[in-house]
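Per-entry structural report
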Amino acid sequence: MEKLSAIANDCRTVKNYVYTRYGGKGSLAKLYPGYTVQNEMTRSGLREQLGLPSVYFYLAMFDALADIKSQWTRTKAKVLELAGKNESLTEEEKHYLRFLLKVSNAFEAVVNEMPIHLQKELQTKYECLAGNVDVERLHRYLCRQVRKYHQKLHTDRTDGFSVSAKAYRYEDHGIYLATKEKRKRVFISLTDKNQYESQIYIKLFPEEKRLEIRVPVNVAIRSHADYTRQVGVSPGLLTMFTTDEGHKYGELLGKYQLEYADWIREQIRTYNENRQNNPGRKKYQARKNRYEERLHSYINQELNRFLQTEKPRIIWLPKLPKPQAGGASGRLNHMAALWQRGYIRKRLILKCREQSVEVVDVFGKDISRECSRCGAIGNKKKGEFVCVSCGYQEDDKTNAARNAKNRGIRAMNQEEDHKSRFLAEFR
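My aim in this report is to walk through the structure given alongside it, one point at a time. (Residues numbered from 1 in each chain as written. Predicted model: local features only at pLDDT ≥ 70, side-chain atom pairs only at ≥ 80, totals over all residues. Heavy atoms only, no water.)

As for its position among the elements, Gln-123 is in helix α7 (residues 120-130). Overall, the relative accessible area of 15% leaves Gln-123 in the buried class. (Helix = DSSP H or I, 4+ residues; strand = E, 2+ residues; numbered from the N terminus. Buried < 20%, exposed > 50% of the residue type's maximum accessible area, 1.4 Å probe, protein only.)

In this model, Arg-183 sits at a positive phi of 60 degrees, which is unusual for a non-glycine residue. Topologically, Arg-183 is positioned in the loop between β3 (174-178) and β4 (185-189). What makes Arg-183 exposed here is its relative accessible area of 88%. Not every positive phi belongs to a glycine, and Lys-209 is a case in point at roughly 55 degrees. With respect to the helices and strands, Lys-209 occurs in the loop between β5 (200-205) and β6 (210-214). Judged by its relative accessible area of 73%, Lys-209 falls in the exposed class.

Okay, the pairing of β3 next. Counting buried residues along β3, 5 of its 5 residues qualify, which places the element largely inside the surrounding structure. Neither face of β3 is left uncovered, since the one carrying Gly-174, Tyr-176 and Ala-178 and the one carrying Ile-175 and Leu-177 both have all their residues buried. Across 4 bridges, strand β2 (residues 168-171) lies against β3 in antiparallel orientation. Paired with Glu-171 across the strands is Gly-174, a residue of β3. (Pairing = 2+ DSSP bridges.)

Another point: the environment of Tyr-96. Examined against the element boundaries, Tyr-96 turns out to sit in helix α5 (residues 91-102). Separated by 22 residues in sequence, Tyr-96 and Leu-118 place their C-alpha atoms 15 Å apart. Those residues within four positions of Tyr-96 in sequence are excluded, and the remaining contacts are Ile-116, Tyr-126, Leu-129, Ala-130, Val-133, Val-135, Leu-138 and His-139. (Contact = heavy atoms within 4.5 Å.)

Bridging between β5 and β6 involves 5 bridges; their strand directions are antiparallel. Residue pairing in the sheet places Ile-202 in a bridge with Ile-213 of β6. In sequence, β5 turns back onto β6 through a hairpin of 4 residues, with Lys-209 there showing a positive phi of about 55 degrees.

Next up on the list: the nonpolar core. Counting 63 residues, the largest nonpolar core has Val-14, Tyr-56 and Phe-161 as its most contacted members. Of the residues forming this core, the biggest block, 12 residues, is contributed by helix α4 (residues 54-85). In this view, Val-14 contacts Met-41, Leu-46, Leu-50, Leu-52, Phe-57, Ala-60 and Met-61; residues no more than four positions away in its chain are not counted. Formed by 29 residues, the second largest nonpolar core is a distinct cluster that contains Tyr-291, Ile-299, Phe-306 and Leu-307. (Core = buried A, V, L, I, M, F, W, Y, C linked by side-chain atoms within 4.5 Å.)

It is worth spelling out the packing of α5 against helix α8 (residues 135-149) at this point. In contact at an axis separation of 11 Å, α5 and α8 are set at 55 degrees when each is read in the N-to-C sense. Here α5 is positioned oblique relative to α8, judged by the angle of their axes. With respect to the hand of their crossing, α5 and α8 are arranged in right-handed fashion. Where α5 abuts α8, its residues Glu-93, Tyr-96, Leu-97, Leu-100 and Leu-101 lie against Val-135, Arg-137, Leu-138, His-139, Tyr-141 and Leu-142. (Axes fitted to C-alpha atoms, helices over the stretch in contact; angles between N-to-C directions. Parallel < 35°, antiparallel > 145°, perpendicular 65-115°, else oblique. Left-handed = near helix turned anticlockwise from the far one by under 90°.)

A separate point is α5. The terminal C-alpha atoms of α5 lie 16 Å apart, and with 12 residues this matches the ideal 16 Å at 1.5 Å per residue to within 8%. Those residues of α5 hidden inside the fold are in contact with α4, α6 (104-111), α7 and α8. (Expected span 1.5 Å × (residues − 1).)

Hydrogen bonds between backbone atoms are what pair the strands of a sheet, whose relative direction is either parallel or antiparallel. Pairing is antiparallel in the open sheet, where 3 strands are placed in the order β2-β3-β4. In this open sheet, the two strands that pair with only one neighbour each are β2 and β4. Strand after strand, the sheet turns through a mean of 25 degrees between neighbouring axes, direction not considered. Strand direction decides the pairing type here: β3 and β4, joined by 5 bridges, are antiparallel. Opposite Ala-178, over in β4, you have Arg-185 as the bridge partner.

This part covers a positive patch on the surface. On the surface, Arg-98, Lys-102, Lys-125, Lys-319 and Lys-365 cluster together into a positively charged patch. Residue placement: Lys-102 occurs in helix α5. (Patch = residues over 30% accessible without salt bridge, like charges linked within 9 Å, V, L, I, M, F, W, Y side chains within 5 Å. Areas by Shrake-Rupley, 256 points an atom, 1.4 Å probe, with all protein chains shown as cover. Salt bridge = Lys/Arg side-chain N within 4 Å of Asp/Glu carboxyl O. Lys, Arg positive; Asp, Glu negative; His and termini not counted. Charge placed at Lys NZ, Arg CZ, Asp CG, Glu CD.)

A few words on the packing of aromatic side chains. Evaluated as defined, the whole model comprises 12 aromatic pairs. With a centroid separation of 5.3 Å and an interplanar angle of 75 degrees, the aromatic rings of Tyr-249 and Phe-306 are classed as edge-to-face. Of the two residues, Tyr-249 sits in strand β9 (residues 248-249) while Phe-306 sits in helix α10 (residues 282-310), which places them 57 residues apart along the sequence. Just as Tyr-249 is buried, Phe-306 falls in that class too. Residues Tyr-260 and Tyr-291 carry aromatic rings whose centres are separated by 5.7 Å and whose planes lie at 20 degrees to one another, so their mutual orientation is stacked. In this pair, Tyr-260 is assigned in helix α9 (residues 253-273) and Tyr-291 in helix α10, connecting sequence segments 31 residues apart. What links up through ring pairs into an aromatic cluster is the set Tyr-96, Phe-99 and Tyr-126. Sitting over the ring of Phe-107, Lys-76 keeps its end group 4.6 Å from the ring centre. A cation over an aromatic ring shows up here: Arg-210 above the ring of Phe-205, its NZ or CZ 4.1 Å from the ring centre. (Phe/Tyr/Trp six-rings, centres within 6.5 Å; stacked < 30°, edge-to-face > 60°. Lys NZ or Arg CZ within 6 Å of the ring centre and 35° of its normal.)

Here it is as structure tokens:
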């Protein structure tokens, strides 16, 4: 355990070194694809100083790089969200900021106060957008928000490390792991006979004198000749999915979520009234887990039914805004706060990947208020959509699902036209 803890401690040192040296705006150009960082880390002499084998050193380095990339993604998403809510910005200014945040080279140039030089087509678009706004003011705004919300990472965790396939071998009913000593490996007896040939993660429990070997799961990808349809869906709080043809899946989701939310509210009330003599949270946590397991089991069951029934090749899924505070009742607000939409989305994407089904996000603004027949903005009342322009009436979720499909197909056609024009010009 001491030898393994020493490796974990050195991996933490490597990660913090990478966080400090490459976590700032000046290193944005080095993050993709990461070979520049790898070369600089090799020349830094840190690996020799620590005496850490390369099979651990470079994995820790790339793990840290992935964390930095994720942090920049979160920063950009936060700035984009704030810019969208900023009432002092015009639509042209918001459009310009969205462009900077989505085009990496432009974003890098702005935060480092450098001139923006892009590829010909993007440069033309940038100059067109810049001509309608106060560029210097918006650049200052963007830099100010980045300074405010971007955080440099740091870790104190020494309870595990990643291991490449070169650093271990199976033998003698156990596994031999490379250590910091040359040509010496530590032997660990295993509780099963499973053997892997991929990168693994060693999770240490020093106080219990044990460890866990965590392995990525390889899932077989299936392809279905009869999965040919394009399906637009509209997610909901009460019904999980409604398709563009009006088929509904997960109609009991609202009932289960409301029962769960009511129980949570009651537990919070009784806990607050009896803080001094509360017997503990074991039973609470056990029952909470049972509620969540029932919800998740039902969600997975309905997702399987959805895929088997609809047989989609492409699913058009609208991007939903974050749940808003306020509403008709505190009970529904609490239910919305416990909405399992993140879990539903994650499981849908995973199941679609397993079945070779493509999930495509579509622009979600006003998707439930737009008429799927004529495109005008209509009214929603008691689950019904009514178009004030053409008189079209439909279930509001079905109308939203049709809009998702229409928007997705339009975007796909525009992208194909753009590619065709580009290839024609190139030839």
